[in-house]
Amino acid sequence: MSRILVTGSADGLGRAAADALLSAGHQVVVHARNPQRARSLDDLTGRGADLVVGDLADRDAVRRLAAEVEGTGPLDAVIHNAGVWSGPAVMPVNIVAPYLLTALLPGPRRLVYLSSGSHFGGRPEPAGVDWRGRGAPGRTPTASCS
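Residues numbered from 1 in each chain as written. Predicted model: local features only at pLDDT ≥ 70, side-chain atom pairs only at ≥ 80, totals over all residues. Heavy atoms only, no water.

**Some points on the overall build of the protein chain**
Working step 1: Secondary structure assignment for the protein chain yields five helices and seven strands.
Working step 2: Starting at the N terminus, the α and β elements of the protein chain follow one another as β-α-β-α-α-β-α-β-α-β-β-β.
Working step 3: Counting only residues that meet the buried cut, the protein chain has 35% of its 146 residues in that class.
Working step 4: For the protein chain, the proportion of contacts with a sequence separation of at least 24, taken over those separated by at least 6, is 60%.
Working step 5: Only carbon and sulfur atoms are counted for the fraction: they give 55% of the accessible area of the protein chain, which is about 8100 Å². (Helix = DSSP H or I, 4+ residues; strand = E, 2+ residues; numbered from the N terminus. Buried < 20%, exposed > 50% of the residue type's maximum accessible area, 1.4 Å probe, protein only. Contact = heavy atoms within 4.5 Å. Areas by Shrake-Rupley, 256 points an atom, 1.4 Å probe, with all protein chains shown as cover.)

**Concerning the confidence of the model for the protein chain**
Working step 1: Mean pLDDT over the protein chain works out to 87, with 81% of the residues at or above the 70 mark.
Working step 2: Contacts from residues 136-146, a stretch scored under 50 in pLDDT, to residues over four places away or in other chains number 21 contacts. (pLDDT = per-residue confidence, 0-100.)

**Quick word on the nonpolar core**
Working step 1: Grouped together as the largest cluster of nonpolar side chains are 16 residues, with contacts concentrated most on Leu5, Val69, Leu75, Leu101 and Leu105.
Working step 2: Of all elements in the fold, only α4 (59-71) and α5 (90-104) reach the threshold of two or more residues within this core.
Working step 3: Excluding anything up to four places from it in sequence, leucine 101 contacts Leu5, Thr7, Val62, Leu65, Ala66 and His80.
Working step 4: Of all hydrophobic cores here, the second largest spans 15 residues; its members include Val6, Leu44, Ala49 and Ile79. (Core = buried A, V, L, I, M, F, W, Y, C linked by side-chain atoms within 4.5 Å.)

**What to know about the sheet that holds strand β3 (residues 50-53)**
Working step 1: Taken in spatial order, the five strands line up as β3-β2-β1-β4-β5 in an open sheet, and their pairing is parallel. The two strands at the open ends of the sheet, each matched to only one other strand, are β3 and β5 (110-113). Across the sheet, the mean angle separating the axes of adjacent strands is 15° when strand polarity is ignored.
Working step 2: Two elements, strand β4 (residues 77-80) and β5, share four bridges in a ladder whose sense is parallel. Bridging from a neighbouring strand, valine 78 pairs with leucine 111 of β5.
Working step 3: Helix-sheet contacts for α4 involve β1 (3-6), β2 (27-32) and β3, and the interaxial angle to β3 is about 160°. (Pairing = 2+ DSSP bridges. Axes fitted to C-alpha atoms, helices over the stretch in contact; angles between N-to-C directions.)

**A look at the pattern of salt bridges**
Working step 1: Enumeration according to the criterion identifies four salt bridges in this entry.
Working step 2: A salt bridge links aspartate 19 to arginine 47; its shortest N-O distance comes to 2.5 Å. Placement of aspartate 19 in helix α1 (residues 12-23) and of arginine 47 in the loop between α3 (42-46) and β3 is noted, with a sequence separation of 28 residues between them.
Working step 3: In this structure, the salt-bridge partner of arginine 63 is aspartate 60, at a minimum N-O distance of 3.7 Å. (Salt bridge = Lys/Arg side-chain N within 4 Å of Asp/Glu carboxyl O.)

**Considerations on the environment of aspartate 43**
Working step 1: Along the polypeptide, aspartate 43 turns up in helix α3.
Working step 2: Taking relative accessible area as the criterion, aspartate 43 reaches 40% and is therefore assigned partly exposed.
Working step 3: Only 2.6 Å separates the side chain of aspartate 43 from the side chain of arginine 15, close enough to count as a polar contact. (Polar contact = N/O pair within 3.5 Å; in protein donor to acceptor, adjacent residues only side chain to side chain.)

**Quick notes on α4**
Working step 1: With 13 residues, α4 should reach 18 Å at 1.5 Å per residue; the first-to-last C-alpha distance of 18 Å fits that figure.
Working step 2: Residues Ala61, Val62, Leu65, Ala66 and Val69 constitute the buried set of α4. Taken down its axis, α4 places every buried residue within 140° of arc, on the same side. Exposed and facing more than 90 degrees away from the buried side of α4 are Arg64 and Gly71.
Working step 3: Near the N-terminus of α4, the side chain that reaches the backbone nitrogen of aspartate 60, with its oxygen 2.9 Å away, is that of aspartate 58. (Expected span 1.5 Å × (residues − 1). Arc of directions from axis to C-beta.)

Structure representation (structure tokens):
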């Protein structure tokens, strides 16, 4: 039996993965961005999943999340599923958070990165974007997909 963290497991593919893994007998740690979204995971936590809550757009929240997960035992795998489609959170949530979370966790043997196909048609515009997703003064960061 493996212990697996699934980020962004409040809905969509993350929720489906967490549900399937839990049904297969794995120890699952589900993740939600905030307490409101965490309520949608009550059925999974009722079946034995552990829950962590933290906004991946916030670097300090990612650090807290990693410490909380690490404090409950080692992970065998992380499924990096959480992501946003557009706006200033694209850089911190889709790129920085998975990297930082992986770096802070003591060596899960397996890392799985889920993503969309938007990289085939997107027009990234990273000029002036920092890890927080803020643009340079007078500039609004964008990440659009066709």
